[in-house]
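Residue strings, one per chain:
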Amino acid sequence: MTNNKRNIPHPVSLRQKILNLVIRLLTWCGIAVVYYILFYSFLDTPFESQLKEDTQVLEQQYEKLKSRYDTINRIIANLESRDRNVYISLFEAEPLSEVMTQRDESLKDSLLKVSNIRLNDFFTLKLSDFETRFNDLEKKLMLLSDSILHSDVVNYIPKIQPITNKNYTLLSTSYGMRIQPFYKSITMHRGVDFMASEGTRVYATADGTVSAVNSRKGASSGISVTITHGKSGYKTFYGHLSRASVKRGQRVRQGDIIGLTGNSGLSFVPHLHYEVLFNDVQVDPLYYFFKEVPPWDMQRLRSIASTGMQSLD
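Reading the values: the criteria
- Residues numbered from 1 in each chain as written.
- Predicted model: local features only at pLDDT ≥ 70, side-chain atom pairs only at ≥ 80, totals over all residues.
- Heavy atoms only, no water.
- Helix = DSSP H or I, 4+ residues; strand = E, 2+ residues; numbered from the N terminus.
- Buried < 20%, exposed > 50% of the residue type's maximum accessible area, 1.4 Å probe, protein only.
- Phe/Tyr/Trp six-rings, centres within 6.5 Å; stacked < 30°, edge-to-face > 60°.
- Core = buried A, V, L, I, M, F, W, Y, C linked by side-chain atoms within 4.5 Å.
- Contact = heavy atoms within 4.5 Å.
- pLDDT = per-residue confidence, 0-100.
- Polar contact = N/O pair within 3.5 Å; in protein donor to acceptor, adjacent residues only side chain to side chain.
- Salt bridge = Lys/Arg side-chain N within 4 Å of Asp/Glu carboxyl O.
- Patch = residues over 30% accessible without salt bridge, like charges linked within 9 Å, V, L, I, M, F, W, Y side chains within 5 Å.
- Areas by Shrake-Rupley, 256 points an atom, 1.4 Å probe, with all protein chains shown as cover.
- Pairing = 2+ DSSP bridges.

Q: Looking at this structure, how should I read unusual backbone geometry?
A: If a residue is not glycine, its phi is most likely negative; likewise, a peptide bond is most likely trans. In this structure, Asn279 takes a positive phi of about 55° despite not being glycine. Structurally, the position occupied by Asn279 is in the loop between β11 (271-278) and β12 (281-283). Relative accessible area serves as the criterion here: at 52%, Asn279 is assigned to the exposed category. Phi angles above zero are rare outside glycine, and Asp280 is one such case at about 65°. On the secondary structure map, Asp280 appears in the loop between β11 and β12.

Here it is as structure tokens:
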């Protein structure tokens, strides 16, 4: 009787086994969770590793392209400041501004829809093509600049102000539609006016030959001097002088004194009226001060000149 009781499983031992099984199950689940967390925190799946490698390659390529792009931008900025006035002198026009056309808008929209990898390939190809064309253009521009600067023609192109005006404050009226002071009507002012006291020295703005001297104070432009600058096609005109210091047929060099400012002719106050003609057509003289006025001061000079809506003659 006693032996049979000993062979019967005790209820407490069965519950203990179940509890141990549950504890083991929870332990393995915890280990699995910890392993999963550690695995995905410190180790990458093959797909994630490939993505990271691709991203790293793209970042390296981007930095290289950005460096090349920044270098080109610096070169372009230097070229723009150097050739702006040469461009204006040759073509009588402002350089073209950057305007986004309808075609550019379409290209922009299409590029926004492509993947980063294809966009990188597209940008790399375009940048390489741009560098090739830019280097070719830079060589041509350098040859053109050298040919202009080392030829005699450059001496016959007006490039300084006709009076001493270091601070640009004497330039009172610019080229364009202005109010005529005597008739108060809007007319084309085909030159620029420098406000200067009577007797201020007037200089030839380029080499040339005096082609005309008008000594009649009663003429509309008063006492005036016209200089023809060789075969360059340029002429310069200096009006409302108090005295001319040169004679017709006399050869002059840039910087030579050709007269003194005055108030002769139809002049409102003592000043110098200065014109630049190319192939007998008046052009804006502001573009022909490039030897004295650096590109970064040109906008300031234009602003000063444009403030006066009334001309002085």
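Q: For this particular structure, what's the right way to read the packing of aromatic side chains?
A: Following the criterion strictly, the structure yields 5 aromatic pairs and no others. Ring geometry for Tyr274 against Phe289: centres 6.3 Å apart, planes inclined by 25°, an arrangement best described as stacked. Of the two residues, Tyr274 is situated in strand β11 and Phe289 in the loop between β12 and α6 (295-306); the sequence distance between them amounts to 15 residues. Comparing Tyr274 with Phe289 shows no difference in burial state: the two are buried.

Q: Where do I start with the nonpolar core in this structure?
A: What tends to happen in soluble globular proteins is that the nonpolar side chains get buried as a cluster. Grouped together as the largest cluster of nonpolar side chains are 31 residues, with contacts concentrated most on Phe194, Val225, Ile227, Tyr238, Ile258, Phe289 and Leu301. At the level of secondary structure, the elements contributing two or more residues to this core comprise β4 (192-195), β7 (223-229), β8 (234-244), β11 and α6. Excluding residues within four positions of it along the chain, Phe194 makes contact with Gln161, Pro162, Ile163, Asn165, Leu170, Leu171, Ser172, His271, Leu272, Tyr274 and Phe289.

Q: So what exactly am I meant to see when it comes to the confidence of the model for the protein here?
A: Note: predicted coordinates in regions of low pLDDT should not be interpreted at a detailed level. Averaged over the protein, the pLDDT score is 78; the fraction of residues at 70 or greater is 76%. Contacts from residues 96-101, a stretch scored under 50 in pLDDT, to residues over four places away or in other chains number 2 contacts.

Q: Which parts of the structure should I look at to understand the side chain of Thr261?
A: Turning to its location among the elements, Thr261 is positioned in strand β10 (residues 257-261). A distance of 2.8 Å separates a polar side-chain atom of Thr261 from the backbone oxygen of Ser197. Among residues more than four places away in sequence, those in contact with Thr261 are Ile163, Ala196, Ser197, Glu198, Gly199, Thr200, Val202, His240, Leu241, Ser242, His271 and Leu272.

Q: Before we go on, may I ask you to explain the pattern of salt bridges in this structure?
A: One side chain can pair with another of opposite charge once the charged atoms of both are near each other. By the definition in use, this model includes 2 salt bridges. Asp207 is the salt-bridge partner of Arg253, the closest N and O atoms lying 3.2 Å from each other. Of this pair, Arg253 sits in the loop between β9 (251-252) and β10 while Asp207 sits in the loop between β5 (201-203) and β6 (208-214), and the two are 46 residues apart along the sequence. Close ionic contact of Asp280 with Lys235 constitutes a salt bridge, the shortest N to O distance being 3.1 Å. Here Asp280 is found in the loop between β11 and β12, whereas its partner Lys235 is found in strand β8, with 45 residues between them in sequence.

Q: Please explain the environment of Arg201 as it appears in this structure.
A: Relative to the assigned elements, Arg201 resides in strand β5. Non-local contacts of Arg201, meaning those with residues more than four positions away in its chain, are made with Pro162, Ile163, Ile257, Gly259 and Leu260.

Q: I keep staring at a nonpolar patch on the surface and nothing clicks. Help me out?
A: On the surface, Leu14, Ile18, Val22 and Leu26 cluster together to form a nonpolar patch covering roughly 390 Å² of accessible area. Along the chain, the position of Leu26 falls in helix α2 (residues 11-42). Using a relative accessible area of 57% as the deciding quantity, one classes Leu26 as exposed.

Q: Looking at this structure, I do not really get the side chain of Lys159. What am I missing?
A: Considering the arrangement of structural elements, one finds Lys159 in the loop between α5 (116-149) and β1 (171-173). Those residues in contact with Lys159 that sit more than four places away from it in its chain are Val154, Thr205, Gln254, Tyr288, Phe289, Phe290, Lys291 and Glu292.

Q: What exactly am I supposed to notice about the pairing of β10 here?
A: Working note: regular strand, side chains alternate between the two faces of the sheet. Counting buried positions along β10 yields 4 of 5 residues, so the element is predominantly enclosed. As paired strands, β5 and β10 are joined by 3 bridges and run antiparallel to one another. Bridging across to β10, Arg201 finds its partner in Leu260. Summarising the sheet, β8 and β10 pair through 3 bridges and their orientation is antiparallel. In the sheet register, Arg243 faces β10, and the bridge partner there is Leu260.

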